[in-house]
Structure formats: structure tokens, C-alpha cells
Amino acid sequence: MARGTKFQTDLAKKLTDPDFAAHFLAAAIAEGDEEFLNEALAKVIKAHGATRVSADTGIARQALYKMISGEGNPSFRNVNKLLEAVGLELTIKSKKRAS
């Protein structure tokens, strides 16, 4: 077994849990790195099965792979479709102010 394979397999299994996936993506957002966020979103989509996500969203599989590739830049509408397909939703909250 290649080094890290068990970790990646375990991570993929955990990413099918909506709560875990939500925390995973929130941590990626907190990093403030757009490329890292796209990689995190790609891992969540792949964990759920790109073919199933493609069917659930109506986004062609080839377009989905391009969207979540390092060169992809999914629209807000498509991000919402992808999140919905994996049992997540985007929410906004007020920023906590330092006292």
C-alpha cells in the first residue's frame, strides 16, 4: 500500500458525512487560500462520487472535473449546486469583533 493511502481512504470515507465535510470546508475557507479551498471542495465531491454529483446537479461530468480542477473557477450558482448535492449549504454569519 502506498504511503498515505490509508489516510486518503479514511478521509474520503469521513468526507461523506455532512458534518465532517462542513468542518473540512470551513477550515479550508479559514485558511484564506482559494486554491486550497478548491482542492478541499474537489475531495468532498470525489468522496461522494463525481458521477453521482454530476447526475444530481445536472452538470456534465467533464465540466464538473474541470470545475474542481486546479484551473477551475466554479460560479456561485454551481458551488451551491455542488454543496446541495453532497448535503451541504452555504451560510453567512456576522463576524465576531474583538473587544
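Residues numbered from 1 in each chain as written. Predicted model: local features only at pLDDT ≥ 70, side-chain atom pairs only at ≥ 80, totals over all residues. Heavy atoms only, no water.

**Student:** An account of the overall build of the protein is needed here, citing residue identities and associated values.
**Tutor:** A count of helices and strands for the protein gives 6 helices and 0 strands. Reading the secondary structure of the protein in the N-to-C direction produces α-α-α-α-α-α. Overall, the C-alpha framework of the protein stretches about 50 × 35 × 25 Å when taken along its three principal axes. Here the protein, with 99 residues, has 29% of them falling under the buried criterion. Across the protein, contacts joining residues at least 24 apart in sequence account for 46% of those joining residues at least 6 apart. (Helix = DSSP H or I, 4+ residues; strand = E, 2+ residues; numbered from the N terminus. Buried < 20%, exposed > 50% of the residue type's maximum accessible area, 1.4 Å probe, protein only. Contact = heavy atoms within 4.5 Å.)

**Student:** Could you give me a rundown of the pattern of salt bridges, with the residues and numbers involved?
**Tutor:** If you walk through the whole model with that rule in mind, you get 2 salt bridges. The salt bridge involving lysine 6 is made with aspartate 10; its shortest N-O contact spans 3.1 Å. You can see lysine 6 and its partner aspartate 10 sitting in helix α1 (residues 5-14), 4 residues apart, about one turn around the helix. Under the relative-accessibility criterion, lysine 6 is labelled exposed at 52%. Among the salt bridges present, the one from aspartate 56 reaches arginine 52, with a minimum N-O distance of 2.4 Å. Placement of the pair is aspartate 56 and arginine 52 together in helix α4 (residues 50-57), with a separation of 4 residues, close to one helical turn. (Salt bridge = Lys/Arg side-chain N within 4 Å of Asp/Glu carboxyl O.)

**Student:** Tell me what's going on with the environment of alanine 55, and back it up with residues and numbers.
**Tutor:** Positionally, alanine 55 belongs in helix α4. A C-alpha to C-alpha distance of 9.2 Å links alanine 55 and alanine 85, two positions 30 residues apart in sequence.

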